[in-house]
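Okay, here's what each chain looks like letter by letter:
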Amino acid sequence: MSGVSAGILAMSAGWVFAAEVNVTSIGGAYQRSQELGYGQAYEKAGNKINWNVYSGGLGEVRSQVASGNVIWDVVDMNNADSNIGCAEGIFEKIDLAEVTEAAPNGAGVDDYLIERPNDCAVGTVTYSWTYAYNKNTFSGARPTVVADYFDTAKFPGKRGVWSSPTQAIEMALMADGVPANQIYSYLEENGEEAVDRALAKLKTLHEDKNGGLVFWNGGAEPPELLAKGEVVMSTGWSGRFYDAVVKEGAPIEQVWDGQIMDFQNFVVLKGAPHLDAAKDFLRFATATDNIAETVRYIPYAPWRKSAGDKIMANEPWSEDGKTAVGPYLSTAPANMTNYLEMGSDYWQNHQDEVNERWIAWKSRL
């Protein structure tokens, strides 16, 4: 059943067909993928979307709900914020089965590859924290595993790393021997000792005469640092590396070993002015065909298995009509041999204390 037919059936289910819904996302290439992937199709079906842009976080959401003046209906949000907001009661609890259109093979909620983080979130896409290198830098062996990021004997040169501890802590522990699937349990069980172990690993890399760390802040910086030769490897976001390769022709190769998968969700604000329309939109936007369309514009893998299968079976699935996007997706089988899911619960509970230790550690470098 297509998303359009789902909208028609919505009339008999008591939902609003000629729906108007206020949808808020984070702008840029990501929001463009939403607008082109399913937004235009939803409006062609006789509905209206009022798109808004915000910078993430819960500040504006809390203000709207607390004041009783809720303007937004649906908001795109990461796992950590959706967890906090759901616990605070500022989002509607959503019956996932109610807003899940059946996949072509009949699968419903079981078509989701990843368990939803809470009762309010409706999963959309996944992206990854990876590291990459400039293919022109190394003439012989090339990095293939997370430990290679720290191996200055085999791969000398400076490394780019985000100026926040997220990803760096996890990578350092993986490279130091902690299995990927035990990273967050190890951090929880060992507290400061575990963080210190990761920071010591990073400090050794920074002080190595054949190494060194270069800290970056914006997502566009890692490909630039690699292209300019200021670093030989850099952590970064999978979508940014994809753009550098596909749109700019940069000789960059991602290393997927040790990738950290992160997730985006839709939530509905408590007291949303168009609740029924919001549910109708969620069902349409997350339908197999429609969520798959977003991947033409940005290489973020759908939560739904059927959407990923459709993409793989119909390559090249990209805006340029030439690039096979499957190898750049977090959920491609070849990219999932050693990965972990972002520990949103861990960072939600420990972000402040880890940040304090990170800042103090950086100041002593």
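Nothing here was measured: the structure is a model prediction, and the numbers come from that model.

Caption draft 1: Here's a closer look at the nonpolar core. Judged by nonpolar contacts, the single largest core of 91 residues is most densely connected at Val21, Val74, Tyr149, Tyr184, Leu187 and Phe281. With ten residues, helix α6 (residues 183-207) is the single largest residue contributor to this core. For Tyr149, the residues in contact, after removing those within four places along its chain, are Tyr131, Arg159, Gly160, Val161, Met171, Leu205, Leu213, Met233, Ser234 and Thr235. Counting residues in each nonpolar core, the second largest holds 13 residues, with Val70, Val75, Phe91 and Val267 among its members.

Caption draft 2: Representation of the pairing of strand β3 (residues 74-78) in the model. The buried fraction of β3 is high, at four of five residues. Pairing between strand β1 (residues 20-25) and β3: two bridges, direction parallel. Residue pairing for β3: Val23 is matched across the bridge by Val74.

Caption draft 3: Representation of the pattern of salt bridges. Scanning all chains against the criterion turns up 14 salt bridges. Notably, a salt bridge pairs Lys279 with Glu98, separated by 3.6 Å at the nearest N-O pair. Of this pair, Lys279 sits in helix α9 (residues 275-285) while Glu98 sits in the loop between α4 (79-88) and β4 (122-134), and the two are 181 residues apart along the sequence. Ionic pairing is found between Arg357 and Asp196, a salt bridge with its closest N-O pair at 2.4 Å. With a gap of 161 residues between them, Arg357 in helix α12 (residues 344-363) and Asp196 in helix α6 connect regions that are remote in the sequence. Judged by relative accessible area, which is 25%, Arg357 ranks as partly exposed.

Caption draft 4: Local environment of the state of the cysteines. For the coordinates displayed, the defined rule picks out one disulfide. Covalently, Cys86 is tied to Cys120 through a disulfide, its sulfur atoms 2.1 Å apart. Looking down the S-S bond of the Cys86 and Cys120 bridge, the torsion is 70°, so its handedness is right-handed. Here Cys86, found in helix α4, pairs with Cys120, found in the loop between α4 and β4; they are 34 residues apart in sequence, far enough to count as distant. Here Cys86 matches Cys120 in class, with each residue buried.

Scoring rules and cut-offs
Residues numbered from 1 in each chain as written. Predicted model: local features only at pLDDT ≥ 70, side-chain atom pairs only at ≥ 80, totals over all residues. Heavy atoms only, no water. Core = buried A, V, L, I, M, F, W, Y, C linked by side-chain atoms within 4.5 Å. Buried < 20%, exposed > 50% of the residue type's maximum accessible area, 1.4 Å probe, protein only. Helix = DSSP H or I, 4+ residues; strand = E, 2+ residues; numbered from the N terminus. Contact = heavy atoms within 4.5 Å. Pairing = 2+ DSSP bridges. Salt bridge = Lys/Arg side-chain N within 4 Å of Asp/Glu carboxyl O. Disulfide = S-S within 2.5 Å.

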